[in-house]
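The chain contents come next:
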Amino acid sequence: MKMNLYPKLAWHGISKNKKTYVPFLLTSIGLVMMFYIVSYLTYNKSVKQMRGGDDMQMILSWGVPVVAFFVVIFLFYMNSFLMRRRKTEFGLYNILGMGKSNIARILLWQNFMLLVVSAAGGLGMGILLSKLAELCAAKMLSNQASLAFVIEPSAVRNTLFLTVLSFVLILLYSLGQIHVAKPIELLHGEKTGEKPPKARWILALIGMVLLGTAYYLAVTTREPVQALLVLFVAIVLVIVGSYLLFICGSVALCKMLQKNKKYYYKLNHFISVSSMSYRMKRNGASLASICILSTGVLVMISSSLCLRIGEDESLHARYPRDIEVSILTKDYDQSIAAASYIEQQMDAVLQASHQTRKNELAYSNLNFAALRQGGDISVKQYTEVSGTQYAELVMLNFVTLDTYEKITGTTETLGENEVLLHMFRGKYSDDSLNIDGQFQFHVQKQVDAYIESGDNTAATYPTMYLVVPDGDTMNRLYEYQYSVYGEKAASSLQTCMGFDLDCNADTQIELTKQLYDQFAEGSETHPNFYYEIKGLETERYSFYSLFGGLLFLGILLSVVFLFGTVLIMYYKQISEGYEDAARFEILQKVGMTRKEIKKSINSQILTVFAAPLLASGVHLCFAFPLIQKLLLMFGLSNTPLLVGVTVGSYLIFGVLYAVMYKATSRSYYQLVK
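Just so it is clear, the model here is predicted, and its values are computed rather than measured. (Residues numbered from 1 in each chain as written. Predicted model: local features only at pLDDT ≥ 70, side-chain atom pairs only at ≥ 80, totals over all residues. Heavy atoms only, no water.)

Participant: I tried to follow the overall build of the protein on my own but got confused; where do I start?
Facilitator: Looking only at helices and strands, the protein features 21 helices and ten strands. Burial status across the protein gives 52% buried among its 673 residues. Contacts in the protein between residues at least 24 apart in sequence constitute 85% of all its contacts with a sequence separation of at least 6. Accessible area of the protein: about 31,400 Å², with a carbon and sulfur share of 62%. (Helix = DSSP H or I, 4+ residues; strand = E, 2+ residues; numbered from the N terminus. Buried < 20%, exposed > 50% of the residue type's maximum accessible area, 1.4 Å probe, protein only. Contact = heavy atoms within 4.5 Å. Areas by Shrake-Rupley, 256 points an atom, 1.4 Å probe, with all protein chains shown as cover.)

Shown next, in the form of structure tokens:
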């Protein structure tokens, strides 16, 4: 047998099956392109040199293994369909005398051709669009991108390695299928259908219970840190529950519809329901995959886009003043001296720059963690806290009455053991407060106004803001928590002063640097003062890189997931179109018109493909509380914005989904008509 016969047969197999191989190549080229772009941005020096570029590259590096994983998964899915279509051809070769080793050579050449086209096309498109991706990244960071066009060797290496590895694994899997299959099985491989599955009610019920559990966890979770832990559990439960419900529950639904004579014995319903019932095991897995991928797209896009839109709001919530200076001290008297020192140092810098402080905010507070059970507060070492007690963790933040009155402009009166309480991210219904029996406080009243501090937005646990009568009480509280936590873990008294400036961003950044230098020079004369300086404009690009990076990664992953969604929908319809062509031909011969066939097809496809979209909408609704809690960790508490972005994302995705449905419906009809 001539050696050039194998590549000819391989190419002949591809060219004669354009309808299946062209989508495979286009999708594989797109996936390889996406992986190169993510890798390119992760390694690119120009991105690294941008303000906030380091943070963006760190976030994008998280997406590299995720994209790689889905590239392999989607390529395997496409190959399984291609192998099903080619088994008849390989079986014919086998019966005509060609050994399995010869078929293996055809597969080898075929995979080599697909590999070359996918790698060359994907890398070419990735390199071509990499500069555009870099410009988009620079835009998100409010930076200027370099005009130089570069090719990242590390990104090329990783992309080639992933592509070759994927096709080698696909080849080995395909060779394994050919090796174990008998010639007659290969010959009838494409026509081998699924037996009508039984309605497995128990598994369907388990799927409903798993989804119900995930929904319950999502709705009842109250704290942001808990939401992060619950998210991973909920994802697993939703995935498993969705597959069980679509595979087993859909079969049970078909059985119920078949028992409903008024619904089932209509021409279009009879054909579509019987068809779905016959192959629902495979249909259910595909539909569940579409549902999960659609939910992933919606969650990523809505949350990352919401962060991006609300980044300025989050930034100003985290840094309510343009510049804030804080000093940590060991007692209340030192905190008074620290306030005077801060003012002195700031005046030295601002007067030299001819700037004036505006909208000042000055306070001293004590902040430490404890465990709460009703009105009882317990201060414990980290090693003494059991896993079940983390849900009771609370932050205590104390200020004196005179500080509170100065900040809020109100006048209050407190007795010796009385406090004012403001509860942040939580509720408190008791009228007393007991801290380990060492401090017995009566809650005189709960107040709404409190310090406009950026620590509020950074808090991931409920915070109890408490106004105590005087500095002596603050000192006793400090000494008690110091005795429990020890020198390394105990909190210090914090003295803060923040203010706004009437100057541009560059001047604010320069003044922040000058304040750093000013306090550094005075550190030798005040060794007990541990200072920290925060500048809104200094941190702005950190926010831009974080939120911009998350949005960029969300968009890239969403595109990859959309590739998978379209791919599953297309191949599902093509596969069923080939299988149903003979059946609909028989129905035409017995008198069914093309109009009736098309109506039946529309009924079947609409019923099948509406389910994942509706299910993903339900998943998104129940995931909303979790998303809301997670965004609080980024300082975004704008619920109306999140609602608007989420609803808008779902509607836009619904339109895209309808377009994909229409396209697949047309492909299916072209095959069966």
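Participant: What's the story with a nonpolar patch on the surface in this structure? I'm lost.
Facilitator: A cluster of nonpolar side chains, contributed by Phe-161, Val-164, Leu-165, Val-168, Leu-169 and Leu-172, occupies part of the molecular surface with about 520 Å² of accessible area. Position of Leu-169 relative to the elements: it lies in helix H6 (residues 153-180). With a relative accessible area of 34%, Leu-169 lands in the partly exposed category. (Patch = residues over 30% accessible without salt bridge, like charges linked within 9 Å, V, L, I, M, F, W, Y side chains within 5 Å. Salt bridge = Lys/Arg side-chain N within 4 Å of Asp/Glu carboxyl O.)

Participant: Any chance you could explain the environment of Phe-441 here in plain terms?
Facilitator: Summarising the element assignment, Phe-441 is placed in strand E7 (residues 439-446). For the pair Phe-441 and Leu-420, spaced 21 residues apart in sequence, the C-alpha to C-alpha distance is 9.6 Å. Among residues more than four places away in sequence, those in contact with Phe-441 are Asn-417, Val-419, Ser-432, Leu-433, Ile-435, Thr-473 and Leu-477.

Participant: Any chance you could explain the packing of helix H14 (residues 332-352) against helix H18 (residues 505-521) here in plain terms?
Facilitator: One can describe the packing of H14 onto H18 by two numbers: an axis separation of 10 Å at closest approach and a directional angle of 130 degrees. Considering their axes alone, H14 and H18 lie oblique with respect to each other. Handedness of the crossing formed by H14 with H18: right-handed. Listed contacts from H18 to Tyr-341, Ile-342, Gln-345, Met-346, Ala-348, Val-349 and Leu-350 of H14 are Leu-511, Gln-514, Leu-515, Gln-518 and Phe-519. Residue classes in the contact of H14 with H18 are distributed as nine nonpolar, three polar and no charged. (Axes fitted to C-alpha atoms, helices over the stretch in contact; angles between N-to-C directions. Parallel < 35°, antiparallel > 145°, perpendicular 65-115°, else oblique. Left-handed = near helix turned anticlockwise from the far one by under 90°. Nonpolar A, V, L, I, M, F, W, Y, C, P; charged D, E, K, R; others polar.)

Participant: Which parts of the structure should I look at to understand empty space enclosed by the protein?
Facilitator: The probe, sized like a water molecule, is rolled over the atoms to show the empty space still left. Evaluation of the coordinates by the stated rule reveals four cavities of 30 Å³ or more. A volume near 60 Å³ is recorded for the largest cavity. Lining the largest cavity we find Tyr-21, Phe-24, Asn-79, Leu-82, Met-83, Leu-107, Gln-110, Asn-111, Leu-114 and Ser-174. For the lining of the largest cavity, the secondary-structure elements that each account for two or more residues are helix H2 (18-43), helix H4 (53-95) and helix H5 (100-140). In terms of residue count, the dominant contributor to the lining of the largest cavity is H5 (four residues). Space inside the second largest cavity adds up to approximately 50 Å³. Around the second largest cavity, the lining residues are Ile-327, Tyr-341, Phe-519, Gly-522, Ser-523, His-526, Phe-529 and Tyr-531. For the lining of the second largest cavity, the residue count by class is five nonpolar, three polar and no charged. (1 Å grid on protein atoms, 1.4 Å probe; cavity = no way out; pocket = protein on both sides within 12 Å on 5 of 7 lines; lining within 4 Å. Points joined across faces, edges and corners; volume = space filled by probe spheres on them.)

Participant: Quick question: what am I supposed to make of the packing of aromatic side chains here?
Facilitator: Inspection of the entire model under this criterion finds 15 aromatic pairs. A network of ring pairs unites the aromatic residues Phe-69, Phe-70 and Phe-561 as a single cluster. It is Arg-318 that lies over the ring of Tyr-319; its NZ or CZ is 5.3 Å from the centre. (Phe/Tyr/Trp six-rings, centres within 6.5 Å; stacked < 30°, edge-to-face > 60°. Lys NZ or Arg CZ within 6 Å of the ring centre and 35° of its normal.)

Participant: Sorry if this is basic, but what is going on with the pairing of strand E5 (residues 418-424) here?
Facilitator: On a regular strand, one side chain projects to one face of the sheet and the next to the other, so that they alternate. E5 sits mainly inside the fold: five of its seven residues count as buried. Sheet topology places E5 next to E7; four bridges connect them, and they run parallel. Residue pairing for E7: Leu-420 is matched across the bridge by Lys-445. Two strands pair when backbone bridges link them, and E5 and strand E8 (residues 463-468) are joined in this way by five bridges, in the antiparallel orientation. What sits directly across from Met-423, in E8, is Met-464. (Pairing = 2+ DSSP bridges.)

Participant: Would you mind showing me how to read the pairing of strand E2 (residues 358-373) here?
Facilitator: Of the strand pairs in this sheet, E2 and strand E9 (residues 493-500) are connected by seven bridges, and their pairing is antiparallel. Counterpart to Leu-366 in the pairing with E9 is Leu-493. Two elements, E2 and strand E4 (residues 393-400), share six bridges in a ladder whose sense is antiparallel. Across the sheet, the residue bridging to Ala-370 is Val-394, located in E4.

Participant: Where do I start with the side chain of Thr-159 in this structure?
Facilitator: On the secondary structure map, Thr-159 appears in helix H6. Exposure remark for Thr-159: the relative accessible area of 1% places this residue in the buried category. Those residues in contact with Thr-159 that lie beyond four places of it in its chain are Val-32, Phe-35, Tyr-36 and Leu-123.

Participant: Please explain the nonpolar core as it appears in this structure.
Facilitator: Inside soluble globular proteins, nonpolar side chains tend to come together where they are buried. With 96 residues, the main nonpolar core has Phe-24, Leu-41, Val-560, Tyr-571 and Tyr-657 as its most contacted residues. For this core, the leading source of residues is helix H19 (residues 536-589), giving 19 residues. Apart from the residues within four sequence positions on either side, Tyr-571 is in contact with Thr-20, Pro-23, Phe-24, Tyr-77, Met-78, Phe-81 and Leu-82. Counting residues in each nonpolar core, the second largest holds 28 residues, with Leu-396, Val-419, Leu-433 and Leu-477 among its members. (Core = buried A, V, L, I, M, F, W, Y, C linked by side-chain atoms within 4.5 Å.)

Participant: Can you help me understand unusual backbone geometry in this one?
Facilitator: A negative phi holds for most residues other than glycine; trans holds for most peptide bonds. One non-glycine residue, His-354, adopts positive backbone phi at about 60 degrees. Within the secondary structure, His-354 is located in the loop between H14 and E2. At Asp-436, a position not held by glycine, the phi torsion is positive, near 55 degrees. With respect to the secondary-structure elements, Asp-436 resides in the loop between strand E6 (432-435) and E7.

Participant: Help me understand a negative patch on the surface, please; the structure alone is not making it clear to me.
Facilitator: On the surface, a cluster of negative charge is made up of Asp-333, Asp-402, Glu-416, Asp-470 and Asp-472. Inspection of the secondary structure puts Asp-470 in the loop between E8 and helix H17 (471-489). (Lys, Arg positive; Asp, Glu negative; His and termini not counted. Charge placed at Lys NZ, Arg CZ, Asp CG, Glu CD.)

Participant: Just checking my understanding: could you explain the layout of surface pockets for this structure?
Facilitator: The space that makes up the largest pocket amounts to roughly 1,400 Å³. For the largest pocket, the lining is made up of 38 residues, of which Leu-231, Ile-235, Val-299, Met-300 and Ser-303 are closest to its centre. With nine residues, the single largest contributor to the lining of the largest pocket is helix H12 (residues 280-309). Split by residue class, the lining of the largest pocket holds 31 nonpolar, seven polar and no charged.

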